[in-house]
Amino acid sequence: MKNKAYTFKKKRTNADMLEHVMIIIFLIIITAFSFRFYMSIDLIKNINNIPQLALDSLIFSLVTLFSIYFFKYMYLIMAKPWFFFRFNYRLNTLFEQLAKNQTVSKKIVFPKVKILHDEKKDIFTFEFFWKGSATNGFEQDVTHRISSVLFPAEDYFLEEPIKKQASTIFKYCRQPRRLKINLQKINNDTIYQRKIRLNSNLFWNLDKQPHATLTGGTGSGKTMMLYYLIYEAAKLNSDIYIVDAKRADLSTLHSVKKIAETTDEIVLLFNELINEMNARFEVIQKSNEPQKHATEFGFNDVFVFIDELAVVVEIAKTTDTDNKALNKLHARDKNWEKLSEDNYSKIISSIRLLIFKSRQVNIHIVLATQNFEASLLGSSSVRDNLSMRILLGNASTVQVNQMGLTQEQLPLFDTSQIGAGIIWMDSMNWVNARSFETPYLNFRNLRPNDILDNYFEIGRKHVNS
Ligand SMILES: Nc1ncnc2c1ncn2[C@@H]1O[C@H](COP(=O)(O)OP(=O)(O)O)[C@@H](O)[C@H]1O
Ligand SMILES: [Mg+2]
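Quick summary incoming for the structure in this document. Residue indices follow the written sequence of each chain, beginning from 1 at its first position. Numbering of ligands from 1 and lettering of chains from A proceed in the order in which they are written. Local features in a predicted model are, by the rule used here, given only for residues with pLDDT of at least 70; side-chain atom pairs are given and counted only at 80 or more, and totals for whole chains, interfaces and linings are based on all residues. The side-chain quantities take in all heavy atoms of the structure and omit both hydrogens and water.

**Some thoughts on the overall build of the chain**
- Secondary structure elements are defined from DSSP: runs of H or I of at least 4 residues count as helices, runs of E of at least 2 residues count as strands, and each element is numbered from the N terminus. Within the chain, the regular secondary structure consists of 12 helices and 18 strands.
- Evaluated residue by residue, the chain yields a buried proportion of 42% over its 465 residues.
- Two residues form a contact once any of their heavy atoms are found within 4.5 Å. At a minimum sequence separation of 6, the contacts of the chain that also span at least 24 residues come to 68%.
- A total of about 25100 Å² of accessible surface is found on the chain, and carbon and sulfur atoms cover 55% of it.
- Side chains of the chain give 59 positive and 48 negative charges; the mean places of these two sets differ by 8 Å. Only protein chains enter the accessibility calculation, which uses a 1.4 Å probe; a residue whose area is less than 20% of its type maximum is buried, one above 50% is exposed, and one in between is partly exposed. Accessibility throughout is a Shrake-Rupley quantity obtained with a 1.4 Å probe, and a residue counts as covered only by protein chains that appear here. Residues scored as charged are limited to Lys and Arg (positive) and Asp and Glu (negative), so that His and the chain ends carry no count. By convention, the charge on Lys lies at NZ, on Arg at CZ, on Asp at CG and on Glu at CD.

So, in structure tokens, the structure goes:
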């Protein structure tokens, strides 16, 4: 039953078809009625028998009609794939609509459509064999209509159409479903090998997409997404570092390896990370296999979660200004230990270095920020190296561009739910971004750090088993 195909051929319009069916029904009834009536013709000799005979004939003709259609549909159920019923009428409707469109109707005359369904991945493939040549403009016009007629419930979304010489292939994938995380009852059945599940269809693969960024306005769900990723990272038995310059939500997660809130702490944290990076490179380079990754030498994945990067930058700049003033004030004081005036550049260059270099040593940077102008990290090439990009809430053109995307690459998406937006992942051969909803977390009365402890325990048990 897997990958069953069905080829649709356009023959009639839906209205014609209805007319056709009505005529057939009428003919069946008339024929069966007459047949039954004729078989008992001798009864008519007695005029009193006629009403009974007419009733009998009518029942007979209706039973015949019912049987014929019963067997017809039995045949269809047996012979055609299940989606025949779903798409036969919709494709008819589609071509009727297209036929009304002047520019399109000249090019599409009753074409053939081959429909395939991949049961395992739940992907529908429609191959439209056009008659005549289909030009670009015309296809764009058609694409939207095809999606809305074939999947009016929007339960499947279109991947980029693939153009062939005489046909176009439209691939429709099941819309991903949002994850609902029960934080009171976490189980260990969802530990994947260096992967983090994002929704029913997608994984964050730590090798393919080493770094990530979350952009979105206040209250769009960035910090909640960070919680989720921190918990999942704990389940993978990773070393976790947190930078929370706002001293807000994430500061309560004491069980991680290190939390930095002040400028000094942040500078120290990044020093430690750079040292860790260099130590890992040294082990790799001394080995016989310099192309291998750190995790292949027994190192854990390291995650650095930075909430509100713009605030981190702002606080560092303020510290530098303050320190400069203090140094000036104590310029004549011999015992005065000079305060650092380049915290900002130290932090930024560390982040840049880690983003550019740490792919092989499995250190992952996750940046959350309201806005991601290139100036934030010095250049746009840093941004391009953040291989998983999530944009939450309504997307402004500027924000879309900051993600390295154009407006045409945006999927249809609905941001009425908090935590909804779009996602882009490198190394996936995607042409367009996809709609995305962050996993839904329900803390109830639980303390975030107690939950983290549970996750760490599950991760440790998994490693030891
Ligand atoms: N994934 C989620 N699951 C449950 N609630 C969420 C989720 N994302 C956001 N929320 C709700 O929205 C509020 C704001 O989200 P938050 O992550 O703090 O936004 P941001 O960090 O972008 O300002 C949260 O306090 C929470 O009530
Ligand atoms: Mg936040």
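**So, the site of ligand 1**
- For this purpose, a residue is taken to be near a molecule or strand whenever a single non-hydrogen atom of the residue falls within 4 Å of it. Lining the immediate surroundings of ligand 1 are 14 residues, of which Gly219, Lys222, Thr223, Met224 and Pro439 lie closest.
- Residues adjacent in sequence count toward polar contacts only when both atoms are side-chain atoms; beyond that, a polar contact is any pair of N or O atoms within 3.5 Å, and within protein one must be able to donate a hydrogen and the other to accept it. Here an oxygen atom of ligand 1 sits 2.8 Å away from a polar atom, N or O, in the side chain of lysine 222.
- In isolation ligand 1 has 550 Å² of accessible area, and contact with the protein removes 74% of it.
- Where the shell around ligand 1 is concerned, the elements lending two or more residues are α6 (222-235) and β18 (440-442).
- Broken down by element, the shell around ligand 1 gets its largest block of residues, three residues, from α6.

**Let's talk about the layout of surface pockets**
- Cavity: a set of points on a 1 Å grid over the protein atoms alone where a 1.4 Å probe fits but cannot get out. Pocket: an open set with protein on both sides within 12 Å along at least five of seven lines, its lining residues, like those of a cavity, having an atom within 4 Å of a point. Grid points are joined across faces, edges and corners, and a volume is the space filled by probe spheres set on the points. In this structure, the largest pocket encloses a volume near 1600 Å³.
- Taken together, 50 residues form the lining of the largest pocket, with Phe157, Leu158, Pro411, Leu412 and Asn432 sitting closest to its centre.
- Breaking the lining of the largest pocket down by element, the ones donating at least two residues are α5 (136-150), β4 (156-158), β5 (162-163), β6 (167-174), β16 (420-425) and β17 (434-437).
- Among the elements that line the lining of the largest pocket, the one with the most residues is α5, at seven residues.
- Charged means Asp, Glu, Lys or Arg here, nonpolar means Ala, Val, Leu, Ile, Met, Phe, Trp, Tyr, Cys or Pro, and polar covers whatever is left, Gly included. Considered class by class, the residues forming the lining of the largest pocket number 21 nonpolar, 17 polar and 12 charged.
- An automatic or database domain assignment is the source of the domain bounds shown. Lining the lining of the largest pocket are residues from two domains, each supplying at least three of them: domain 2 (85-174) and domain 3 (180-464).
- Computed from the structure, the second largest pocket encloses a volume of approximately 780 Å³.
- Along its surface, the second largest pocket is lined by 25 residues, and Met17, Lys72, Phe84, Asn88 and Asn92 are the ones closest to its centre.

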